[in-house]
Amino acid sequence: MGLRSRHAKGDWPGMSDEPEDKRRPLTRLAQTGRRAEWTRMPDRPGGIVNPPVWRASTILYDDVAHLRAAAGSDPHERLFYGRKGTPTAWSLADALTEMEPGAKGTMLYPSGVAAIACALMAVLKPGDRLLMVDAAYDPTRAFCEKMLRPLGIDVDYYDPLVGAGIAELLTDNTRAIFMESPGSLTFEVQDVPAITAVARERGIVTLLDNTWATPLFFPALKHGIDISILACTKYIVGHSDVMIGAATATPELWSKLRSAAYLFGQMTSPDDAWLAARGLRTLGVRLSQHQDGGLKVAQWLAERPEVAQVLHPALPGCPGHEIWARDFGGASGLFSMVMRGGDKDAVAALIDGLAHFGIGYSWGGFESLALPVHPAGYRTATQWDAAGPVIRLHIGLEDPDDLIADLDAGLARYRAAL
Ligand SMILES: *Cc1c(COP(=O)(O)O)cnc(C)c1O
């Protein structure tokens, strides 16, 4: 196996997209982030499988010459000071970079929202204008309104289905376009290649919140994105017990991204990075089961009279479904359903009695969740006027037939409450 030869000392994490790396994504998932320098003791035979947890604030130098040399060198992969990370975080960053072909490097953050905020701050300055997708995750929108706008950065929202029509929205000061595909709560799939093609021509930076698909189902940089962002809290960690975020950049934007993260003092706990790296190893099998279970439940719901529409990118009724079919390698386990009639009491009757679904924010763990959501309150460029209330479901790793039986009883409660 090529682990040692591929990772000569001093390599950048992003060196992995060298043309000779022909490994398929699942093979990469198993091998990545395991450099010999992190898993073997110098001059001793053998080694361990996973890089250990290196906890550190102070880094000890051998002598003053070493200290001086370290200060002048790039700290991203050299022990320098705890805030710049240790091999535990570098290993996770390395792995996320390798999962995103075309990437130069990955920065880690204490949450997905921190990754979004810091990536935006890396590419925007006062006087610039940002185009933000109207179906953005609510805290992303709040960051635009409460932080970017007061800093003198103009923000306009656009229809997630705009596609190449984004060209008509550009102005001379448009500096960045932010996408989230599929959209939060409503799951519109964006035409990322069309938007990035327009952006590239005009020298505009593109960012994507890729949390739903992960690079396994949507390699973002291959589709023209400059900075791909993950709330690793969700599927990368996969066990609902760690908050962590990541942003992965092209060679052109890598130094800007890294510099902003350092200036904002962003860092992650090595224990959290280690847990995220552990989650990453099983991302392939987990996502494929989330996909199968999610599809089975979604297709069953689509046939039910109580359900007006299932917003699942892999189902034909979902806006942008053709784009999902064209660009994505799969679907994860999160989707919404629009109920036919009914009100908030009927929604509560459905959700409160569920035996196998938790009620809670976040998603991407092994367990199923159900949540009433209200898309109308989080959009300005488009209108949300659906037939009834919306419920978002995360399909975990349980047997989908148990989940279907649970939802069947839930829909009976819904009918009774109409
Ligand atoms: C949860 C989520 C985030 C934020 O991640 P945190 O780790 O909770 O800060 C960002 N984008 C999307 C699409 C999410 O679902």
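Just so it is clear, the structure is predicted and the values come from calculations on it, not from any experiment. (Residues numbered from 1 in each chain as written. Predicted model: local features only at pLDDT ≥ 70, side-chain atom pairs only at ≥ 80, totals over all residues. Heavy atoms only, no water.)

Considerations on the site of the ligand
Item 1. Around the ligand, a shell composed of 14 residues is seen, among which G112, V113, D209, T233 and K234 lie nearest.
Item 2. In this structure, D209 approaches the ligand through a side-chain N or O atom, which is 2.6 Å from a nitrogen atom.
Item 3. Contact between the ligand and W363: an oxygen atom at 3.1 Å from a side-chain N or O atom of the residue.
Item 4. Compared with its free state, where it exposes 370 Å², the ligand has 92% of that area covered by protein.
Item 5. With three residues, helix 6 (residues 112-123) is the largest single contributor of residues to the shell around the ligand. (Near = heavy atom within 4 Å. Polar contact = N/O pair within 3.5 Å; in protein donor to acceptor, adjacent residues only side chain to side chain. Areas by Shrake-Rupley, 256 points an atom, 1.4 Å probe, with all protein chains shown as cover. Helix = DSSP H or I, 4+ residues; strand = E, 2+ residues; numbered from the N terminus.)

Here we look at the sheet that holds strand 9 (residues 334-339)
Item 1. The strand order 8-9-11-10 describes an open sheet built from four strands, whose pairing is antiparallel. Looking at the sheet topology across the chains shown, the edges are occupied by strand 8 (307-311) and strand 10 (369-373). Within the sheet, the average angular offset between the axes of one strand and its neighbour, ignoring direction, is 25 degrees.
Item 2. Relative to strand 11 (residues 390-394), strand 9 runs antiparallel, the two being bridged by five bridges. (Pairing = 2+ DSSP bridges. Axes fitted to C-alpha atoms, helices over the stretch in contact; angles between N-to-C directions.)

A look at the packing of aromatic side chains
Item 1. Tallied over the entire structure, the rule returns three aromatic pairs.
Item 2. A centroid spacing of 5.4 Å and a plane angle of 75 degrees characterise the contact between Y235 and W363, whose relative ring orientation is edge-to-face. Here Y235 is found in the loop between strand 6 (227-231) and strand 7 (245-249), whereas its partner W363 is found in the loop between helix 14 (344-352) and strand 10, with 128 residues between them in sequence. An identical accessibility class is assigned to Y235 and W363; each is buried.
Item 3. Of note, K84 hangs over the ring of Y262, and the distance from its end group to the ring centre comes to 4.5 Å.
Item 4. Lying across the ring of Y157, R141 places its NZ or CZ 4.0 Å from the centre. (Phe/Tyr/Trp six-rings, centres within 6.5 Å; stacked < 30°, edge-to-face > 60°. Buried < 20%, exposed > 50% of the residue type's maximum accessible area, 1.4 Å probe, protein only. Lys NZ or Arg CZ within 6 Å of the ring centre and 35° of its normal.)

What about the packing of helix 6 against helix 10 (residues 251-263)?
Helix packing for two helices is described by the angle between their axes and how far apart those axes are.
Item 1. Two numbers describe how helix 6 lies on helix 10: the axes approach to 8 Å, and their chain directions differ by 120 degrees. Judged on the interaxial angle alone, helix 10 and helix 6 are oblique. Between helix 6 and helix 10 lies a crossing of right-handed hand. For the pair helix 6 and helix 10, the contacting residues are C118, A119, A122 and V123 in the first and L253, K256, L257, A260 and A261 in the second.
Item 2. A breakdown of the residues in the contact of helix 6 with helix 10 according to their chemical character gives eight nonpolar, no polar and one charged. (Parallel < 35°, antiparallel > 145°, perpendicular 65-115°, else oblique. Left-handed = near helix turned anticlockwise from the far one by under 90°. Contact = heavy atoms within 4.5 Å. Nonpolar A, V, L, I, M, F, W, Y, C, P; charged D, E, K, R; others polar.)

As for the confidence of the model for the chain
Item 1. Confidence in the prediction of the chain, expressed as mean pLDDT, is 93, and 95% of residues score 70 or more.
Item 2. Across residues 1-17, where pLDDT falls below 50, the model places 41 contacts with residues more than four positions away in sequence or in other chains. (pLDDT = per-residue confidence, 0-100.)

Here's the deal with the pattern of salt bridges
If the charged atoms of two oppositely charged side chains come close together, the side chains can form a pair.
Item 1. By the definition in use, this model includes 16 salt bridges.
Item 2. Across the pair R149 and D154 runs a salt bridge whose closest N-O atoms are separated by 3.9 Å.
Item 3. Of the residues examined, R149 reaches a relative accessible area of 33% and is grouped as partly exposed. (Salt bridge = Lys/Arg side-chain N within 4 Å of Asp/Glu carboxyl O.)

Comments concerning the domain arrangement of the chain
Item 1. Domains assigned within the chain are domain 1 (3-279) and domain 2 (283-417).
Item 2. Computed over C-alpha atoms only, the centres of domain 1 and domain 2 are separated by 29 Å.
Item 3. Across the contact, 38 residues belong to domain 1 and 40 residues belong to domain 2.
Item 4. Between domain 1 and domain 2 lies a buried interface of about 3400 Å² when both sides are counted; carbon and sulfur atoms form 64% of it.
Item 5. Taken as a group, W212, F217 and Y235 account for 25% of the area that domain 1 buries against domain 2, more than any other trio of residues on that side.
Item 6. Linking domain 1 with domain 2 are two salt bridges.
Item 7. Where D191 meets R326, a salt bridge forms, and the shortest distance between an N and an O atom there is 2.7 Å.
Item 8. On the surface where domain 1 and domain 2 come into contact, there are 21 residue pairs in polar contact (both at pLDDT 80 or more). (Domains from an automatic or database assignment. Buried area = accessible area lost by both parts, 1.4 Å probe.)

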